[in-house]
Each structure stands twice: as structure tokens, then as C-alpha cells.
Amino acid sequence: MNIKLLNKAAKKEISFFIQFGGQGAFWYKEFLKYLENPAMKPFYEAVINGIKEGLGYIKSSEALLHGFELEKWINDPDSLPDEEYLYSAPISLPMIQAAQFAHYENFRLKGYNKDSFVEYSKGASGHSQGLISASFPIYDMPEEEYYETIKSYTIYLFLMGLRAQETQPGNLATSLEKERADSLGLTNPAPMAALLGSNHKQVEKLTDNFNETVAKDEKIYVSLYNTPENRIISGPRGSLLDFYEKYKEMLEESKIDFIFLKTSCPFHCDHMLPIREVFNSDMKNIGFELFGSKLKLPLYSFFDGRNMQKDEKLAMTFCDELMIKPLFWEKGILRVIKENEITHIIDFGPGKTSQRLSADILKSHNCEKPILSAAVIKDQKILFETE
């Protein structure tokens, strides 16, 4: 295919940075976006088989309240459980990734084959669980193992999401938590909330003050630093409601919006430490591992900005970054700002959130570089434009 952007990249006029987003978007429609394309059949089979095989590694789990019948959900949308359950970690972690991989597979089939895309790119990163997804297109694997690797990544994220949920009390908010949220003018109480507006120091001061009055297991953490005016706090639903009730007037005076995220675990903080032992056992049982030395491009950590090609083993490292360590999105994409060679960010969703976050970071540095999303129709027109 005579794709305009690829031709420019071949002439060294442009080069790409690869990014994948994290939790938040409703995965179902994005995942099924390309279902009618016969060329996508091996991809969908790989994901479905990955979920089936992943379920085979567990006997039962209270975290799977309404099961995980992916094939049935695909064929019969009326059989889908409530949306709140579909945002819970055992479902959303593997399926957010699957939606991203669907966009990547379409992107690949449209002409951006794996080798040329890597050749014309200078690095990659991912927002939260997107860091794991970002390792896939740059991972050195035999062509004949491509779909098998998609299946392995699916099993990996399914088990991570399952074990994450098992460490936390309840996929779903209780009726009392919902009633209390409603009385405070909030909706859908969750273990993570966005605080939008003002600056990080003000929010850090509030969380520090709050934590002085509560037990260790009730603490809240500033867990994601997305943009200068956008950060996330994580903790038990009850603690986040207590925090909001305590500082409601102050937040309103400072014009800080408080919005619960659509998620079921307090990611990126110490509340998730219990996952390490059991998930490490899972990885040994299924024989899954990823190696930094097999990454064909630098993969930049959102925690400290390091190049993860230097990390020996990544399966548990990724788990630590997603579950326990705080996220500083600027560190993940700092190379885009610093390196003139990088001219375009190619984003794989889900949705538009990661595209917007990166745009805000670039804007704060007076850096103007296009961010084209393979998940967005208007951007697909530019990505697949031919000469």
C-alpha cells in the first residue's frame, strides 16, 4: 500500500512515537469495531481463546461475579452483564488491551506492518496498563507466533486483573456507598477519582492531612499525575467519600472537580501490594515471561522514565508499575518533547483519553506535534491516506 505517512517516514522526513492508553473507556464497541472484516478473524479467535485458556487456570473466583463468557457476549449483546461489572478489573484489564490490539491489528493490516512500523519509530510508552500493550508491537517475536503471543498477552492481563480484584473488597459499589455518593452529589463511587483543576501540591497537601486521621488500610494516595491540572487519587471507596465530604467546600472554592473513575481497584498505590505473591505464582504456573532485551525499541516507564530494554524480566515489573507504583505521564512521553527526530505520536486508544492527556503535556511544554489515534475515525483517514 502506498501510504503517505509511511513514504515520508521511509524518506526520513518524519518518525513516530508509539503510545497506548489505560483504563476508562467502554471496551465492548471498540473491541468489536472490526468484527465484520474477515482478515481480523485470527485476531478475534486469539483473544477469545486467551480468555478461555485463562479461565482454565482457575477453579473459581468470587471476583468473577457474572462469569466471563466473551464469545457469548460477542454473539449476543443482550447477554452482557451490567456495565459496572464490565469495568471491573478481571474483565476490563484484558478487554481494554484487546480493544487496543484490535486497533493495532487493523492498523497493521492497512499497511503498517510490524517491521516497518518499528523501523520508522523511535520509542514507545503506555499510560498505566497501556505500558504492557505498548510492549507488544515492539517485541521481537517470530511471525508465526504473532497470534499465539496475542493469546498469551490476553491470559496475562486476565490473570493480573483477576488477582488484583481478589485483593480488594468487591467489584461493585454497595448500595450504601451509592446512597452516600448520591447524597454528596456524586455518582458511581469507585476506588479511584480524578481531581481536575488547581495544582498537584494542593491535592498532595489535602491527602497528607486526610491520612493523618485514618488507619493505614484507609489511606488514600495521589496515584497518577496525568497533566499539570489532572491527577488521580486511589483508595477504598469509603475513604474517597470521606475525603470528598471533608474537603468538599475547599475543592469547590479551588475549582477542583472530583469525578469517580470507572474502575474497581485502587491501582498505582500500596493498597495493591498483596497481588505480588499470588500473581508471581501464576506467572510461574503458566510459564509466561517478557524480556527487556527483546524489545526492539526503547520502552519508557511512566514511573521514572527509564528505558525498559534494560530490565531483565518484565512480567512482574509491569505488574508492579501498573498496580503499585505512581504514574507520572510526562516521564513516559518526555522523549517526544526532547527529541526533534520524533515528529508524530501514534496512539492506540482506547477512546481519546490518552491522546488528550499527551496533547495537554505537549502544550505545557510549548511542543506542537501531531497525535494521531488509530482508534479515531478522523485520524484513521490521515493515517491511511494514500498517494
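Now for a description of the structure that goes with this document. Because the structure is predicted, anything quoted here is derived from the model rather than measured.

Regular strands place their side chains on alternate faces of the sheet. Of all 5 residues making up strand β3 (residues 192-196), 4 are buried, and the element is well covered by its neighbours. Pairing geometry for β3 and strand β6 (residues 257-260), over 4 bridges, is antiparallel. When the sheet's bridge partners are listed, L196 is paired in β6 with D257.

Across the sheet, 4 strands lie side by side as β2-β1-β8-β9; this open sheet has parallel pairing. Here the strands that pair on one side only, and so sit at the sheet edges, are β2 (121-126) and β9 (371-373). Neighbouring strand axes in the sheet, compared pairwise and without regard to direction, differ in orientation by 25 degrees on average. Where strand β8 (residues 344-347) lies against β9, 3 bridges are found, and the strand directions are parallel. Note that in β9 the partner of I346 across the bridge is L372.

Turning our attention to the nonpolar core. With 109 residues, the main nonpolar core has W27, F31, L70 and M323 as its most contacted residues. With sequence-adjacent residues up to four places away left out, W27 is seen in contact with L70, W73, L86, I91, S92, M95, I96 and A99. Ranked by size, the runner-up nonpolar core spans 22 residues in total, among them A193, V222, L240 and Y247.

This part covers the state of the cysteines. For the structure on display, the rule yields 0 disulfides. Between C319, a free cysteine, and C265, which holds the nearest cysteine sulfur, the sulfur-to-sulfur gap is 11 Å.

With that settled, the discussion passes to the packing of helix α9 (residues 146-166) against helix α13 (residues 275-286). Packing of α9 against α13 brings their axes to within 10 Å, and their N-to-C directions diverge by 150 degrees. Here α13 runs roughly antiparallel to α9, going by the angle between their axes. Of the two elements, α9 crosses α13, and the hand of that crossing is right-handed. Residues I155, Y156, L159, M160, R163 and A164 of α9 form the contact with α13, whose participating residues are I275, V278, F279, D282, M283 and I286.

Below, the discussion takes up the pattern of salt bridges. A pair can form between side chains of opposite charge whenever their charged atoms are brought close. Summed over the entire model, instances satisfying the criterion amount to 21 salt bridges. A salt bridge links E166 to R163; the shortest N-O distance between them is 2.9 Å. One end of the pair is E166 and the other is R163, both in helix α9 and 3 residues apart, which spans about a single turn. Between R180 and E245 there is a salt bridge, and its shortest N-O distance comes to 2.7 Å. Of the two residues, R180 sits in helix α10 (residues 175-183) while E245 sits in helix α12 (residues 237-253), which places them 65 residues apart along the sequence. R180 gets classed as partly exposed once you look at its relative accessible area, which sits at 26%. The exposure class assigned to E245 is partly exposed, which follows from its relative accessible area of 46%. Sharing partners across several salt bridges, the network here consists of D304, R306, D311 and E321.

Right, let's talk about the sheet that holds strand β7 (residues 327-328) for a bit. Taken in spatial order, the 5 strands line up as β6-β3-β5-β4-β7 in an open sheet, and their pairing is mixed. With partners counted over all chains shown, the strands left at the sheet margins are β6 and β7, one partner each. As paired strands, β3 and strand β5 (residues 230-234) are joined by 5 bridges and run antiparallel to one another. The partner of L195 across the bridge, within β5, is R231. Here helix α11 (residues 200-211) sits on the sheet and contacts β3, β4 (221-227) and β5; the angle it forms with β4, its principal contact strand, is near 170 degrees.

What counts as what
Residues numbered from 1 in each chain as written. Predicted model: local features only at pLDDT ≥ 70, side-chain atom pairs only at ≥ 80, totals over all residues. Heavy atoms only, no water. Buried < 20%, exposed > 50% of the residue type's maximum accessible area, 1.4 Å probe, protein only. Helix = DSSP H or I, 4+ residues; strand = E, 2+ residues; numbered from the N terminus. Pairing = 2+ DSSP bridges. Axes fitted to C-alpha atoms, helices over the stretch in contact; angles between N-to-C directions. Core = buried A, V, L, I, M, F, W, Y, C linked by side-chain atoms within 4.5 Å. Contact = heavy atoms within 4.5 Å. Disulfide = S-S within 2.5 Å. Parallel < 35°, antiparallel > 145°, perpendicular 65-115°, else oblique. Left-handed = near helix turned anticlockwise from the far one by under 90°. Salt bridge = Lys/Arg side-chain N within 4 Å of Asp/Glu carboxyl O.

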